[in-house]
Amino acid sequence: MKEAEFDKDVKKAITAEKRKEQKDFLRSLEDSLSESNQSSKGFNWRIAASVAVLIGLVGSFFLFNQRPSSDALYDAYFVPYSNVVAPVVRDQVSLSKKASAFAAYEKGDYEQAIKELGLLTAQDSLETSTRDFYLANAHLQLNQFEEAKKLLQQVVDQNKEWKDESIWYLALISLKMNNLDTSISYLKELQENSNVFKSKVDSLLITLE
């Protein structure tokens, strides 16, 4: 009888600790969103919506001890990486090959972006790892996961720029494919070695483990 009561107390303690962790992570996500809003002139509603869904999903896990589906988690956490390579300049008439490719990416014309990005070389002042990373993001937007996975793995193997970001997206692909052990492995690698997407990495790990 005493042993049963002890087990019950332990379970209560674990649940309380998990809920405390949950509140901490939700607070960090809300703070991150608030800081993003204050530091940028234009509010990014796509990111805001993603964070709102994320808070709801992670919250439901701790409140009801029920893990959201892999698809739901993927949809909540996946946001295509912003174009920081060749930002579109308003009223610019003549575009270089690189600028044109990233303009298509930024407009959400991902099929065209894939065509144009695939033609870019080092002569266009673009590193191979950068091209492959954005190509992978465009493929992800079209639900072409195998193509994206190959490109992201190439970036990781090159061990150059975008490596950590690529590991994050590989974790999401594994999650989407319901390969939870692989996804957790990628996330733990980021947690130990990088600050990329830190809040998301930490909260997703808590949900999956």
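Our structure's up above, just so we're on the same page.
Throughout, residues of each chain are indexed from 1 in the direction in which the sequence is written. The predicted nature of this model means local features are confined to residues of pLDDT at least 70 and side-chain atom pairs, given and counted, to a pLDDT of 80 or more, with totals for whole chains, interfaces and linings taken over all residues. Here the side-chain values reflect all heavy atoms present in the structure, with hydrogen atoms and water set aside.

Visitor: Quick rundown of the environment of A113? Include the residues and the values.
Guide: Strands here are runs of E lasting at least two residues and helices are runs of H or I lasting at least four, both read from the DSSP assignment and numbered beginning at the N terminus. With respect to the secondary-structure elements, A113 resides in helix 5 (residues 110–117). Relative accessible area serves as the criterion here: at 0%, A113 is assigned to the buried category. Taking C-alpha positions, A113 is 9.5 Å from H139, a pair spaced 26 residues apart along the chain. Residues are treated as being in contact if the distance between any of their heavy atoms lies within 4.5 Å. When near neighbours in sequence (up to four residues on either side) are disregarded, A113 contacts A101, A104 and Y105. For each residue, the accessible area found with a 1.4 Å probe, counting protein chains only, is set against the maximum for its type, and the residue is called buried under 20%, exposed over 50%, and partly exposed in between.

Visitor: Talk me through empty space enclosed by the protein; I want residue IDs and the actual numbers.
Guide: Put plainly, a pocket is an open set of points on a 1 Å grid over the protein atoms alone with protein on both sides within 12 Å along at least five of seven lines, a cavity is a set where a 1.4 Å probe fits but cannot get out, and a lining residue has an atom within 4 Å of a point. Grid points are joined across faces, edges and corners, and a volume is the space filled by probe spheres set on the points. Applying the stated criterion across every chain, the model contains one cavity of 30 Å³ or more. Estimates place the volume of the largest cavity at around 30 Å³. Among the elements of the structure, helix 9 (180–193) and helix 10 (198–208) are those that each provide at least two residues to the lining of the largest cavity. The biggest single contributor to the lining of the largest cavity is helix 10, with three residues. Taken together, the residues of the lining of the largest cavity sort by class into three nonpolar, three polar and two charged. Polar here means any residue outside two lists: the nonpolar Ala, Val, Leu, Ile, Met, Phe, Trp, Tyr, Cys and Pro, and the charged Asp, Glu, Lys and Arg; Gly therefore counts as polar.

Visitor: Tell me what's going on with the nonpolar core, and back it up with residues and numbers.
Guide: Counting 45 residues, the largest nonpolar core has L117, L140, W168, Y169, L172, L187 and L204 as the members making the most contacts within it. For this core, the secondary-structure elements that each account for two or more residues are helix 3 (70–77), helix 4 (97–107), helix 5, helix 6 (128–141), helix 7 (145–158), helix 8 (163–176), helix 9 and helix 10. Residue contributions to this core peak at eight residues, all from helix 8. Residues grouped as a nonpolar core are buried Ala, Val, Leu, Ile, Met, Phe, Trp, Tyr and Cys residues, joined through side-chain atoms within 4.5 Å.

Visitor: Account for the pattern of salt bridges, with residues named and values stated.
Guide: Salt bridges, as used here, are contacts in which a Lys or Arg side-chain nitrogen is within 4 Å of a carboxyl oxygen on Asp or Glu. One pass over the full model with this rule turns up five salt bridges. The shortest N-O distance in the salt bridge between D132 and R131 comes to 3.2 Å. Given a relative accessible area of 2%, D132 falls into the buried group. The salt bridge involving K198 is made with D202; its shortest N-O contact spans 3.1 Å. Taken together, the residues K198 and D202, both in helix 10 and four residues apart, mark about one turn of the helix. Judged by its relative accessible area of 44%, K198 is partly exposed.

Visitor: Before we move on, can you summarise unusual backbone geometry with the specific residues and values?
Guide: The phi torsion at S125 lies on the positive side, around 60°, for a residue other than glycine. For S125, the location among the structural elements is in the loop between helix 5 and helix 6. The exposure class of S125 is exposed, given its relative accessible area of 58%. Even without glycine at this site, W162 takes up a positive phi of about 80°. Within the secondary structure, W162 sits in the loop between helix 7 and helix 8. Residue classification places W162 among the buried residues on the basis of a relative accessible area of 8%.

Keep in mind these numbers describe shape, not what the thing actually does.
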